[in-house]
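Results of the structural survey
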Amino acid sequence: MSAESQKQAVAEAAVAEVEADSVIGVGSGTTVNYFIDALADSGKKVEAAVAASEASAERLMTHGIEVVDANSVRELSLYVDGADEVNRHLQMIKGGGGALTREKIIAALSQRFLCIADESKRVTVLGDFPLPVEVIPMARSYVGRKLIEMGGRPDLRKDFITDNGNIILDVRHLDLSQPIARERELNGIAGVVTNGLFAVRPADELFVATDTGVQRFEAA
């Protein structure tokens, strides 16, 4: 099964988890694009969606799915999103597409967080994928120095501005063996909006696309 076929299969499996007439959270990225398309093709009607990126919002609206602001909802029944890396505890690195802050807000609003991914995203220890850190522009140098002090090697993501008007530092070589503690430590640096560790609020379930079908996991 090709990578694209795997994404299609896991997207369709996620659509089966959507409750009709509910308000859902929708993440961003290529696998989520398959989910949006599969949701539209299924004929299942949702009341509305809260989107993690402008690109996802546009795709949802193109299919006639109403997009609402996060401030208009108290909670979401389901949030569907991908991951750049995910471990057996369903802690993740996210933000390769730059939507980590909105994704983290939607995750916090959601009763259930369903991560959808292909099997290449499953890892034993997080950290091979560079960790995105969203930073207020005036704090770029200060935050960069702090990241270096922590053992990281930050690189400015060139020609990229988040939907919130901020920059991204992609950080390599950080020790992420204690993801919850590291997430909180990074978020305590002045000028950091948030970072791409989703450990304090991990996924509740993981659907993984493989050559033999979609496998379902809960946190170990």
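Right, let's walk through the structure included here. Because the structure is predicted, anything quoted here is derived from the model rather than measured. (Residues numbered from 1 in each chain as written. Predicted model: local features only at pLDDT ≥ 70, side-chain atom pairs only at ≥ 80, totals over all residues. Heavy atoms only, no water.)

1. Some remarks on the sheet that holds strand S7 (residues 131-135)
One open sheet accounts for 4 strands, arranged S8-S9-S7-S10; its pairing is antiparallel. Either end of the sheet is taken by a strand with one partner, and the two such strands are strand S8 (153-156) and strand S10 (192-195). Averaged over all adjacent pairs, the angle separating strand axes in this sheet is 30°, with direction ignored. In terms of strand pairing, S8 meets strand S9 (residues 167-172) through 4 bridges, oriented antiparallel. Note on S9: the bridge partner recorded for Pro154 is Val171. Contacts from helix H4 (residues 100-109) reach S7, S9 and S10, with the element oriented near 70° to S10. Across the face of the sheet, helix H6 (residues 179-187) comes into contact with S7 and S10 while running at roughly 165° to S10. (Pairing = 2+ DSSP bridges. Helix = DSSP H or I, 4+ residues; strand = E, 2+ residues; numbered from the N terminus. Axes fitted to C-alpha atoms, helices over the stretch in contact; angles between N-to-C directions. Contact = heavy atoms within 4.5 Å.)

2. Thoughts on the pairing of strand S6 (residues 113-118)
A regular strand carries its side chains on alternate faces of the sheet. With respect to burial, S6 is a largely interior element, 6 of its 6 residues being buried. With burial as the criterion, each face of S6 is covered, one bearing Phe113, Cys115 and Ala117 and the other bearing Leu114, Ile116 and Asp118. Across 5 bridges, S6 lies against strand S12 (residues 205-210) in parallel orientation. Among the inter-strand pairings, Ala117 is bridged to a residue of S12, identified as Val208. (Buried < 20%, exposed > 50% of the residue type's maximum accessible area, 1.4 Å probe, protein only.)

3. With respect to the packing of helix H1 (residues 3-15) against helix H2 (residues 30-42)
Two elements in contact, H1 and H2, have axes separated by 8 Å at closest approach and are oriented at 55°. Relative to H2, H1 is oriented oblique. The hand of the H1/H2 crossing is right-handed. Contacts between H1 and H2 involve Glu4, Lys7, Gln8, Val10, Ala11, Glu12, Ala14 and Val15 from the first element and Thr30, Thr31, Tyr34, Phe35, Ala38, Leu39 and Ser42 from the second. (Parallel < 35°, antiparallel > 145°, perpendicular 65-115°, else oblique. Left-handed = near helix turned anticlockwise from the far one by under 90°.)

4. Observations concerning the packing of aromatic side chains
A complete count under the given rule lists 1 aromatic pair for this structure. The ring of Phe198 carries the charged tip of Lys104 above its face, separated from the ring centre by 4.9 Å. Positioned above the aromatic ring of Phe217 is the side chain of Arg122, whose terminal nitrogen or guanidinium carbon lies 4.0 Å from the ring centre. (Phe/Tyr/Trp six-rings, centres within 6.5 Å; stacked < 30°, edge-to-face > 60°. Lys NZ or Arg CZ within 6 Å of the ring centre and 35° of its normal.)

5. Some thoughts on the packing of H2 against helix H3 (residues 54-62)
For the pair H2 and H3, interaxial distance at closest approach is 10 Å and the crossing angle is 20°. Looking at the two axes, H2 sits roughly parallel to H3. Note on packing geometry: the crossing formed by H2 with H3 is right-handed. Facing H2, whose interface residues are Val32, Asn33, Ile36 and Asp37, H3 presents Ser56, Arg59 and Leu60. Partitioned by chemical class, the residues of the contact of H2 with H3 number 3 nonpolar, 2 polar and 2 charged. (Nonpolar A, V, L, I, M, F, W, Y, C, P; charged D, E, K, R; others polar.)

6. Side note on H1
For H1, built from 13 residues, the straight-helix expectation of 18 Å at 1.5 Å per residue is met to within 8% by its first-to-last C-alpha distance of 19 Å. The set of residues buried in H1 consists of Gln6, Lys7, Val10, Ala11, Ala14 and Val15. Buried residues in H1 make contact with H2, strand S3 (78-81), S6, S12 and strand S13 (213-218). (Expected span 1.5 Å × (residues − 1).)

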